[in-house]
Amino acid sequence: MHAAAVIVFVLLFIFITVLGFVASRWRKGNLSHLDEWGLGGRRFGTFVTWFLLGGDLYTAYTFIAVPALMYGSGALGFYAVPYTIVVYPLAFLFMPRLWSVAKKHGYVTASDFVQGRYQSRLLALAIAVTGILATLPYIALQLVGMKAVLAAMGLAGDWPLIIAFIILALYTYTSGLRAPAMIAFVKDILIYVVILVAAIVIPMKLGGFSHIFHAAAAALATHKPKGAVVISPKLFLPYATLAFGSAVALFLYPHAVTGTLSASSRVAVKRNMAFLPIYSFMLGVLALLGYMALAAGIHTKVTSNAVPLLFLKEFPSWFAGVGFAAIAIGALVPAAIMSIAASNLFTRNIYKEFFVRQATPEHEARVAKIFSLLVKLGALYFVIGIPTQYAINLQLLGGIWILQTVPAIVLGLYTRWFNRYALFIGWAVGMIYGTGMAVENQFKSSIYTVHLGHLAIASYAGLTAGIVNLILSVVLTLILKAVGVKSGTDMTDPTDYELELTTLQN
Amino acid sequence: MNAQQEPKRKRGRVWLWLLLIPFIGTLYPPFYASYHPVWFGVPFFYAYQFLWVIISALITGVVYFLTKD
C-alpha cells in the first residue's frame, strides 16, 4: 500500500464529502421541489456552470479511457480532441434554444420538450427511456475509473468503492444538483493542477516530448494489432465520424442537458461554449499521458491501469495521491449529475406521465430522490456483480442510442416540420440498426463497415444508424403529410426559442 | 420584440456560419495526419489539433460577441 498516497486521498475525500452536505445550504432553495433539487433552481451563473459542465462532461472514465486507448492503440484515441473541439460550436447553436424554451415552459428534461413540441407521449417516452438506458452504464463506468485508482493505491476489494458510493448517494439525496456543482470546483482545480504538473514534470524526466513520441511509436509498432502515433488513411473516416458523431450526441446526454438547464441565463450557456474548450486542451494533454506511460516503460495488460501506474512511477507518493483523488472525485461529480438527470427523466416522463398524473412538485422531488438512490445501487451492482466489460459494451451502445434522439430533439428545436410518428419510427429503426451493428462487431469496436455496392465504408456505427434514422424521418414525414395524418398541437411558440429570461434571485 | 430589433437580429445570424470553420479544420484528417513538421518535439498531427482547440474557442467567442443583442 502507498501510505502517503492513501492519506492524501482520504483527506481530500473527506473534504469533498463535507462540501457535498454543506451544499444543501448554498443559494438556498426549497429542496423538496424538483426544480430546486434536480436543476439547482436554474440559478447557476456563467462561472459555476463552467465548473459544473466541465466536471460533468469530462468524467473519470474519460480520464482513464482516453489515455488507455492511446496507450493500447495509438493515435485513434486522440479523436477525443477533435470531438471536443467541434462539440462547442455545435452546442452554441442549439443549446441556448433548448435553454430558452425549457425556461419558458418549465421543462426539466429533453423529453419534456419533445412532449410539449410534438404532443406525443410515445415519442417522449422513447426519448426518456433512451436517456435513462444510456446513462446507467455510464454511471457504472465512473465506478470503474474509481476502481482503477483505488486498486493502484493498494486498496483492493469492493468495500472502498461501496463506502464512496454510499457517501455519494447520501449527499446527492440531500443536496441534489448543488452537491456536484460545489464539488466540481475541487475536482476541476485538482485535475488542472495534476495535468499541469504531469505535462511539465513527466516529459522532463522522460527526456522531452520528442523522445516520448519516438518511444511511443516504437512501442506501438510492437502491439498486436499494430498501433501508430499518426492515423493511417484507412482510419481517416473512422476518426472523423467518431469525432463528429460523438460531438452531436454529447449535449443530448441527460447529464449534459441537466447541466445546461441549470444555468441562470441564456447568455451563461453561450459564454460557456467559448470557455469550455479550456477543458479540451487539458484533455489533449491528458491523452498524451498514454504515450508517456509507453515511454516510461509501463507494461500492463489492463490498459486502464496505465495512467495510475504512470503516476506512481513518476510522482512522489503524496502527489500520486492528489492525482488519484482528482480522478476519483472526477468520478463522483458526473455520477451524481447523471443519477439526478436519470431521476428527472424517470420522474417527469415516466412516473408522472404514466402513473401519477397529478403529482405535485414536492411529490416529484420525493420520487426523484428515491430513484436516484436506486440508480446508484444499480450502478454499484453493475460494477461488483457483473464483469466490467458489460458496462463498457453498454456505454458504447449508449453513445449510439443517444445519437438516435438527435432528429426529435435537435431538429425539433428548429422546426416543427417532422411528423411525430415518422420521428418515432426513425428512432426505433436507428436503435435496432445501431445495436445490431455493435452486436455484430461483438462490441469490440464502434467502427462498422457498411458495404454500398463496391464501396466498403468504415465509420462510426452511431452516425451510420443516425443517418438511416434521419432519412426515414424525412421520407415518412413526407408520406404521412401526403396522406393527411395530423400531428399533435405544438405548445411552443417560435419566439420561445430566442427568449432571454433570467431567474429571479429570491 | 419590436420592428427595429428584427433586422438587427437577422444580420447577426449571418455570423453563425463562422462556426462551420472548426468542422472543416478538424474533421478532414488528410489536412493534418502527418508526423512532420515537428513543433517543439510534438508531431504535426497533435500540434495542429491543439492549435485548433484554441482557434475554435476564439471563433466561438467572436461569434458570441457578434450575435449578442
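Everything quoted here is computed from the prediction, not taken from an experiment.

Rules and cut-offs
- Residues numbered from 1 in each chain as written.
- Chains lettered and ligands numbered in written order.
- Predicted model: local features only at pLDDT ≥ 70, side-chain atom pairs only at ≥ 80, totals over all residues.
- Heavy atoms only, no water.
- Helix = DSSP H or I, 4+ residues; strand = E, 2+ residues; numbered from the N terminus.
- Buried < 20%, exposed > 50% of the residue type's maximum accessible area, 1.4 Å probe, protein only.
- Contact = heavy atoms within 4.5 Å.
- Areas by Shrake-Rupley, 256 points an atom, 1.4 Å probe, with all protein chains shown as cover.
- Buried area = accessible area lost by both parts, 1.4 Å probe.
- Salt bridge = Lys/Arg side-chain N within 4 Å of Asp/Glu carboxyl O.
- Polar contact = N/O pair within 3.5 Å; in protein donor to acceptor, adjacent residues only side chain to side chain.
- Phe/Tyr/Trp six-rings, centres within 6.5 Å; stacked < 30°, edge-to-face > 60°.
- Axes fitted to C-alpha atoms, helices over the stretch in contact; angles between N-to-C directions.
- Parallel < 35°, antiparallel > 145°, perpendicular 65-115°, else oblique.
- Left-handed = near helix turned anticlockwise from the far one by under 90°.
- Nonpolar A, V, L, I, M, F, W, Y, C, P; charged D, E, K, R; others polar.
- Pairing = 2+ DSSP bridges.

Draft legend 1. Molecular detail of the overall build of chain B. Within chain B, the regular secondary structure consists of three helices and zero strands. In sequence order, the secondary structure elements of chain B are arranged as α-α-α. Counting every position in chain B, which comprises 69 residues, the buried fraction comes to 43%. Taking as baseline every contact in chain B between residues at least 6 positions apart, the subset at least 24 positions apart corresponds to 49%. A total accessible area of about 4200 Å² is found for chain B, and carbon and sulfur atoms account for 71% of it.

Draft legend 2. Local environment of the interface of chain A and chain B. Between chain A and chain B, the residue contacts involve 36 residues of the former and 32 residues of the latter. Summed over both partners, the interface of chain A with chain B comes to about 3000 Å²; 79% of that surface belongs to carbon and sulfur atoms. Our count for the contact surface shared by chain A and chain B stands at one salt bridge. Taken together, the connections running from chain A to chain B amount to six residue pairs in polar contact (both at pLDDT 80 or more). Elements supplying a minimum of two residues to the side of chain A that touches chain B: α5 (80–105), α10 (208–221), α11 (236–250), α13 (266–275) and α14 (277–295) of chain A.

Draft legend 3. Spotlight on the packing of aromatic side chains. Residue and element names in this part refer to chain B. With the rule as written, the count across this model stands at 41 aromatic pairs over all chains. Relative to Phe45, the ring of Tyr32 lies with its centre 5.7 Å away and its plane at 35 degrees, an arrangement referred to as tilted. Of the two residues, Tyr32 is situated in the loop between α2 (21–26) and α3 (44–67) and Phe45 in helix α3; the sequence distance between them amounts to 13 residues. Assessed through its relative accessible area of 1%, Tyr32 is described here as buried.

Draft legend 4. Here's a closer look at the packing of helix α1 (residues 3–22) of chain A against helix α9 (residues 178–206) of chain A. All names here are of chain A. Where α1 meets α9, the closest approach of the two axes is 8 Å, and the angle between their N-to-C directions is 150 degrees. By the angle between their axes, α1 is roughly antiparallel relative to α9. Between α1 and α9 the crossing geometry is right-handed. Contact residues: Leu12, Phe15, Ile16, Leu19 and Gly20 in α1; Ala179, Met182, Ile183, Val186 and Leu190 in α9. Classifying every residue of the contact of α1 with α9 by side-chain character gives nine nonpolar, one polar and no charged.

Draft legend 5. Highlighting the pairing of strand β2 (residues 455–460) of chain A. All names here are of chain A. The pairing of strand β1 (residues 447–452) with β2 spans six bridges and is antiparallel. Its bridge partner being in β2, His451 is matched across the sheet by Ala456. If you look at the hairpin formed by β1 and β2, you'll find two residues sitting between the two strands, and Gly453 has a positive phi there, around 60 degrees.

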